[in-house]
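Descriptive structure summary
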Amino acid sequence: FFTLVGKGPTRTCAMSSLFPTSRWSVLVASMLLELCGGSVYITNLYLAALRPRLFPGAADGEALMEYLVFASNLGNWVPLAGFLYDARRGGPRTVVFAGAALTLLGYGGLWLCSAFDVHANFAVLWLLWFLWGHGSGYFDCAAIATCSANFRESRGLVLGLTKSFYGLSGSLLTQVFLAFFAAPDAAPAFLLFLGVALCLLALALAPLVRRLAPPRPLDADSPSRRFARGYALVGALAVAMVAISLLRAFSPLAASRAFSLGALGLVAASLLALPSLAWGAAAAAGSPSVGSSSVAG
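These notes cover the structure that comes with them.

Conventions adopted
Residues numbered from 1 in each chain as written. Predicted model: local features only at pLDDT ≥ 70, side-chain atom pairs only at ≥ 80, totals over all residues. Heavy atoms only, no water. Axes fitted to C-alpha atoms, helices over the stretch in contact; angles between N-to-C directions. Helix = DSSP H or I, 4+ residues; strand = E, 2+ residues; numbered from the N terminus. Parallel < 35°, antiparallel > 145°, perpendicular 65-115°, else oblique. Left-handed = near helix turned anticlockwise from the far one by under 90°. Contact = heavy atoms within 4.5 Å. Nonpolar A, V, L, I, M, F, W, Y, C, P; charged D, E, K, R; others polar. Expected span 1.5 Å × (residues − 1). Buried < 20%, exposed > 50% of the residue type's maximum accessible area, 1.4 Å probe, protein only. Arc of directions from axis to C-beta. Phe/Tyr/Trp six-rings, centres within 6.5 Å; stacked < 30°, edge-to-face > 60°. Lys NZ or Arg CZ within 6 Å of the ring centre and 35° of its normal. Core = buried A, V, L, I, M, F, W, Y, C linked by side-chain atoms within 4.5 Å.

Let us look at the packing of helix α7 (residues 122-150) against helix α8 (residues 155-180). At a minimum axis distance of 9 Å, the contact between α7 and α8 shows a crossing angle of 160 degrees. In this view, α7 runs roughly antiparallel relative to α8, as classed from their interaxial angle. For the element pair α7 and α8, the recorded crossing hand is right-handed. Of the residues in α8, those touching α7 at D140, A143, I144, C147 and S148 are R155, V158, L159, T162, K163 and Y166. For the contact of α7 with α8, a count of residues per class yields six nonpolar, two polar and three charged.

Let's shift gears to helix α10 (residues 223-250). For α10, spanning 28 residues, the distance from its first C-alpha to its last is 40 Å, which sits close to the expected 40 Å at 1.5 Å a residue. Turning to α10, its buried residues are P223, R226, F227, G230, V234, L237, A240, M241 and I244. Lining the buried residues of α10 we find α2 (23-37), α8 and α11 (257-272).

With that settled, the discussion passes to the side chain of S72. Locating S72 in the fold gives a position in helix α4 (residues 61-77). Filtering out sequence-adjacent residues up to four positions away, S72 remains in contact with W129, F130, W132 and G133.

To continue, consider helix α3 (residues 47-54). Those residues of α3 that sit buried are L47, L50 and L54. The buried residues of α3 all sit within an arc of 65 degrees when viewed along its axis, so they share a single face.

Attention shifts here to the packing of aromatic side chains. Scanning the model with the defined rule gives 18 aromatic pairs in all. Measuring from centroid to centroid gives 5.6 Å for Y41 and Y166, while their planes differ by 70 degrees, and the two rings are edge-to-face. Placement of the pair is Y41 in the loop between α2 and α3 and Y166 in helix α8, with a sequence separation of 125 residues. Three or more aromatic residues joined by ring pairs make a cluster, and in this case those are Y46, Y107, W129, W132, F177, F180, F181, F190 and F193. If you follow K163 out to its NZ or CZ, it ends over the ring of Y166, 4.4 Å from the centre. Over the face of the ring belonging to W24 we find R226, whose NZ or CZ atom lies 5.9 Å from the ring centre.

This brings us to the nonpolar core. Formed by 77 residues in total, the largest nonpolar core has its most connected members in L33, Y46, L54 and W129. Apart from the residues lying within four places of it in its own chain, the contact partners of Y46 are Y107, W129, W132, A187, F190, L191 and L194.

Positionally, T162 belongs in helix α8. On the basis of relative accessibility, which here comes to 0%, the residue T162 falls in the buried class. Those residues in contact with T162 that lie beyond four places of it in its chain are L27, S30, M31, E34, A143, I144 and C147.

Below, the structure is given as structure tokens:
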């Protein structure tokens with residue numbers, strides 16, 4: 001996936017011929033990476049099921065859960081990821097790796113506490129919620145900063161496209177929850193899924209999230225046409241999520257597992273269309289990376 005750029009000859013991995021990298025493939029990877037960061041929007045899906053597991057018999061359990069939700073939001077807001085991104089040994093891949101580790105640690109710890117009746121004290125639980133929320137911020141930072149660097153002439157368009165997936169991620173992850181984890185006792189399994197699946201997805205995307213030099217000329221990779229296609233895909237996905245929500249609210253058939261699986265299949269089909277943004281762009285990708293003598297990106 002990557003090219004090594006140094007003072008000596010440039011060496012290109014053999015895989016690059018199979019999976020050529022352009023700034024558009026970086027955009028696709030960044031949009032998918034935002035799905036990992038948007039789990040901060042779905043805590044209401046499992047709060048009620050977790051409360052008796054984390055705070056059995058506590059009269060103020062609901063208030064304590066709200067404090068934990070605040071911990072995840074606070075972790076998401078703390079801007080440490082930016083310092084790591086700009087550090088000498090940092091960069092987008094390092095930030096993604098850090099976000100994956102924080103996400104796995106936070107959700108994994110919560111899974112242990114909820115699935116095996118580990119009665120951790122409130123400070124430990126607060127820290128675990130903070131960690132996975134902080135990991136979400138790292139994914140967002142890597143996606144936004146990298147796309148901003150790769151699309152300097154159209155930052156507004158690329159950030160709108162990328163952040164739209166951060167906003168849609170809650171709806172997309174909700175479809176997974178309703179299809180497989182809606183049972184009252186499935187909340188711990190959903191936490192394990194979030195920790196493992198989001199971590200693995202981020203690690204798979206990390207080699208593609210890299211800073212690239214712009215093409216010459218700047219319109220060599222047809223940005224207007226690709227942005228139009230990207231916004232059309234996001235718009236179609238948003239309309240589909242609204243339609244699914246309305247059907248769940250007003251149709252008795254929407255309560256079935258078959259409907260949930262169908263909705264999830266529609267989401268998967270929409271995501272499979274995303275790589276079309278990068279088709280044919282590799283030849284106009286420009287220089288492999290911006291940087292000095294380390295691994296590109």
